[in-house]
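A structural walkthrough
Given next are the chains, with one letter for each unit.
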Amino acid sequence: MDVLLHLENLSLSFDTPEGEVQAVRGVDLTVKKGEILAIVGESGCGKTVMCQSVMKLLPGNARIASGKIIVDGTDITNYSEKEMRSLRGTTFSMIFQDPMATLNPTMPIGKQITEAIHQHRNVSNDEAKSRALELLELIGIEDPVHRYDLQPHFFSGGMRQRCVLAIALASNPKIIFADEPTTALDVTVQAKMLNLLLEIRDKTGVAIVFVSHDLGVVARIADRVAVMYAGKIVEIGTVEEIFYDPRHPYTWGLMQALPSLAKDGQPLKSIPGMPPVLLKPPKGDAFAERNEYAMKIDYELMPPMFQITPTHNAATWLLDERAPKIQSPFCLNQENKNQ
Amino acid sequence: MSNGADILQNKRWSMIFRQHPLLEKILNNLLILVGSIFVLSIIVFVFARLSPGDPLLAFYGDALEFMGPAELDAARARLGLDGPIYIQYIHWLANAATGNFGLSLQYKIPAMDVISPLIVNTLILGITGYILVFTLAILVAIGCALHEDGLFDRIACQLGTMIYFIPAFWLGLCLVLIFSINLNWLPSSGAYDFGMSGNLVNRIEHLILPLTIMIGSHIWYYAYMIRNKLLDENRKDYVLLAKAKGLSKSEIIWKHSLRNVAPTIINLMAISIPHVLSGTAIAEAVFNYPGIGNMAVIAAKYHDYNLLMLLVLISGSIVIIASIVAYSINEVVDPRMKDTGVTVWEK
């Protein structure tokens, strides 16, 4: 498959009065055409920042410290605001966590969609309107002709999130960054939204970078999964590899913390401690402090990415041939597979 | 359902209301207006009479010293200043209802005649100043929001803070010194030169300095408030979505943020009317501009009750009407504030 987006050793920092916060630290990542890549991790691990940095939507105190962002073979790392504007909407667009806040409350839905269409294409108002109605149809809004002129407060949360998706799709982007698009929705609406995203991917061939902390949702939608911790990708692989054969202790911890996979009668496991403050990230493995399998080397040296299969990589010293062999405490057997 | 319908519980009226909700709304607002003015008049009436000082001094001046107690009592009775306050008030109200607002104690002519030539002058100064203050404030705010923490933003905010704290009368005197006395470009007082009340250029020349201090002392406060509102708005998610669509910063401000802060700006404009009105009073006093603001200060000083009541009623009506208008405009700008009553999907 063609590589659409390639992040090469990307580091991103925020300059704050307290010092430099290293929110993303040397991420290597590729997104292929038409795939759904899920990025999972705790709050504050840099998932959102990484996505917004690709679209350069971050506030003024954020800067790319090192690395490259390559889109469709073009290096856009040093693109100006004006050049970025021509890419936003057409090459990538974004949907956000809170559908209640992402639509302009005073502007009719239809106008918010046509605005996105007009931005990149020189079309008449009627053409834009018919395209907007087409989009509303595509995302499953019933009676779009009536609803076209309504303000967002007439819509439910799920419908608003669909409208945001319609706006994101308006100029046929190649990648959609979906930043926890289902977190603020209730469970039944969540399932519909996930199905819709899969359907849209199949219909339009758009790649989706799906940011989430909900492993259940990720298992359902993703083709590949990247696990992030403290601004780094610690494990990446296909969805089967991550769920059936996780290698990083952090991934083990995340899986064990899933209530639906907990064993009956036993207390739910959690990962002890807190993620490190990224003002001064630790020297070695950032996860070492919370890792019950940590070795001395984990405090000294950052682990490189070890390849397990051509698609599966993990950054932990446990995979080094000199390390003691540890059996994964977590095993998702065939019984659980159907959950 | 509402005040208007309650008071006029006539069947025919309620039928008309049901068919014309706008009529009901206007009637409601009219009742609010009359009610507030009524309460306001009581408060001002009582407070004016409670404040120490003798209104007869305004009427008779130094002659007061040579009047005996009997003469004084007779004068009070003649001027309607005798008896308990509530009787005085009822008398005043009965007269006011017929359009008779009494004599100005100081000028010894009907209060209405004292004020009517001044109202136009104040309206010219007030309305021009008001429009200019807010137009410029919005423009400065947009400029600041576009270049947040940039050079323009910093200069506007810091210079603004400094100018805002310079007293308006002092600034006015400095302007007179520079532009009227030293440079002799602009007149230092009045609304127009003698016999030139219809001359537009002459009027504008007289307006420049008063307008300058009105704008200089009001604009920064409002510009800063609107700037902060715009920046708050710019941090919201829908602005991020607009940015993700490919819109530029200025497109976002003009098309999205400004519309969403419009209710705030309109409210600000409505509640600032008394503020700007008091600003005309200072400008009028410094430049000896013949207007009602200046007159209100004089009326209060000399216990010219009838004149004061009339002035308060006029400015009070302006403030109340302005806030009613502001609320109505808000409903149009922000449809969420409108009480639609029925849903759109109802059959």
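1. What to know about the overall build of chain A
When its secondary structure is counted, chain A shows 12 helices and 12 strands. In terms of C-alpha radius of gyration, chain A reaches 21 Å, essentially the compact-globule figure of 20 Å for 339 residues. Each principal axis of the C-alpha atoms in chain A carries an extent, and together these give about 65 × 50 × 40 Å. Counting only contacts in chain A whose residues sit at least 6 apart along the sequence, the fraction spanning at least 24 positions is 66%.

2. Focus on helix α11 (residues 237-245) of chain B
Burial analysis of α11(B) places 8 of its 9 residues in the buried class, which makes it a mostly covered element. Y238(B), V239(B), L240(B), L241(B), A242(B), K243(B), A244(B) and K245(B) are the residues of α11(B) that are buried. Check the buried side of α11(B) and you find it contacts α1 (47-55), β6 (92-95), α3 (109-120) and α6 (157-169) of chain A together with α10 (200-234) and α12 (249-271) of chain B. Positive phi shows up at G246(B), right after α11(B), with a value of about 110 degrees.

3. Digging into the sheet that holds strand β1 (residues 3-16) of chain A
Pairing between the strands of a sheet comes from backbone hydrogen bonds, and it takes one of two forms, parallel or antiparallel. Residue and element names in this part refer to chain A. Strand order in the open sheet formed by 4 strands is β2-β1-β4-β5, and the pairing between neighbours is antiparallel. With partners counted over all chains shown, the strands left at the sheet margins are β2 (19-32) and β5 (74-75), one partner each. In this structure, strand β4 (residues 62-71) lies alongside β5, joined through 2 bridges in antiparallel fashion. For I70, the partnering residue across the bridge sits in β5 and is D75. The strands touched by α1 are β1, β2 and β4; relative to β2, the strand with the most contacts, the crossing angle is about 75 degrees.

4. What about the nonpolar core?
By size, the foremost hydrophobic cluster in this structure holds 148 residues, and its most contacted members are A38(A), A166(A), I175(A), V209(A), F210(A), A137(B) and L311(B). A total of 14 residues in this core trace back to one element, the largest contributor, which is helix α7 (residues 111-146) of chain B. Not counting chain neighbours up to four residues away, the residues in contact with L311(B) comprise I115(B), I292(B), M295(B), A296(B) and A299(B).

5. Some words on the sheet that holds strand β10 (residues 232-238) of chain A
Residues and elements named next belong to chain A. Read across the sheet, 8 strands follow the order β6-β7-β8-β3-β9-β10-β12-β11 without closing on themselves; strand pairing throughout is mixed. A single partner strand is all that each edge strand has here, and the edge strands are β6 and β11 (306-309). Across the sheet, the mean angle from the axis of one strand to that of its neighbour is 20 degrees, orientation sign disregarded. Strand direction decides the pairing type here: β11 and strand β12 (residues 312-314), joined by 3 bridges, are antiparallel. Following the sheet pairing, F306 is matched in β12 by A314.

6. Some details on the interface of chain B and chain A
Taken together, the 18 residues of chain B in the interface contact 26 residues of chain A. Elements that contribute at least two residues to the side of chain B that touches chain A include exactly α11 and α12 of chain B. If you tally residues by element for the side of chain B that touches chain A, the top one is α11(B), at 7 residues. Residue composition of the side of chain B that touches chain A, grouped by class: 7 nonpolar, 4 polar and 7 charged.

7. With respect to the domain arrangement of chain A
Residues and elements named next belong to chain A. Domain boundaries assigned for chain A yield domain 1 (3-222) and domain 2 (229-337). Domain 1 and domain 2 are separated by 28 Å when their C-alpha centres are compared. With 19 residues of domain 1 in contact, the opposing surface of domain 2 contributes 14 residues. For the side of domain 1 that touches domain 2, the secondary-structure elements that each account for two or more residues are β2 and α8 (215-221). Considering each element in turn, the side of domain 1 that touches domain 2 owes the most residues, 9 residues, to β2. Classifying every residue of the side of domain 1 that touches domain 2 gives 9 nonpolar, 7 polar and 3 charged.

8. Re the domain arrangement of chain B
Residues and elements named next belong to chain B. The domain boundaries assigned to chain B delineate domain 1 (3-97) and domain 2 (111-337). Averaged C-alpha coordinates put domain 1 and domain 2 at centres separated by 30 Å. In this assembly, 14 residues from domain 1 lie in contact with 13 residues from domain 2. At the level of elements, α3 (21-50) and α4 (55-60) are the ones that each hand at least two residues to the side of domain 1 that touches domain 2.

9. Topic: the environment of I32(B)
Assignment of secondary structure puts I32(B) in helix α3. Here the alpha-carbon distance between I32(B) and F45(B), two residues 13 residues apart in the chain, equals 20 Å.

10. Some words on the packing of α3(A) against α6(A)
Residues and elements named next belong to chain A. Running from N to C, α3 and α6 cross one another at 20 degrees; their axes reach a closest spacing of 8 Å. By the angle between their axes, α3 is roughly parallel relative to α6. Both α3 and α6 take part in a crossing whose hand is right-handed. Within the contact between the two elements, α3 uses I109, Q112, I113 and A116 and α6 uses C163, A166 and I167.

11. Some thoughts on the environment of R131(A)
With respect to the helices and strands, R131(A) occurs in helix α4 (residues 125-138). On a C-alpha basis, the gap between R131(A) and T114(A) in space is 8.0 Å, while along the polypeptide they are 17 residues apart.

12. Quick word on unusual backbone geometry
The phi dihedral of D72(A) is positive, around 55 degrees, even though this residue is not glycine. In this structure, D72(A) sits in the loop between β4 and β5. D72(A) sits in the partly exposed class, given 15 other C-beta atoms within 10 Å. Here the phi dihedral of H303(B) falls at roughly 55 degrees; this positive angle occurs in a residue that is not glycine. Structurally, H303(B) is set in the loop between α14 (292-301) and α15 (305-333).

Criteria and thresholds
- Residues numbered from 1 in each chain as written.
- Chains lettered and ligands numbered in written order.
- Predicted model: local features only at pLDDT ≥ 70, side-chain atom pairs only at ≥ 80, totals over all residues.
- Helix = DSSP H or I, 4+ residues; strand = E, 2+ residues; numbered from the N terminus.
- Rg over C-alpha atoms; globule rule 2.2 N^0.38 Å.
- Contact = placed C-beta atoms within 7 Å.
- Buried ≥ 20, exposed ≤ 12 C-beta atoms within 10 Å, placed from the backbone.
- Pairing = 2+ DSSP bridges.
- Axes fitted to C-alpha atoms, helices over the stretch in contact; angles between N-to-C directions.
- Core = buried A, V, L, I, M, F, W, Y, C linked by C-beta atoms within 7 Å.
- Nonpolar A, V, L, I, M, F, W, Y, C, P; charged D, E, K, R; others polar.
- Domains from an automatic or database assignment.
- Parallel < 35°, antiparallel > 145°, perpendicular 65-115°, else oblique.
- Left-handed = near helix turned anticlockwise from the far one by under 90°.

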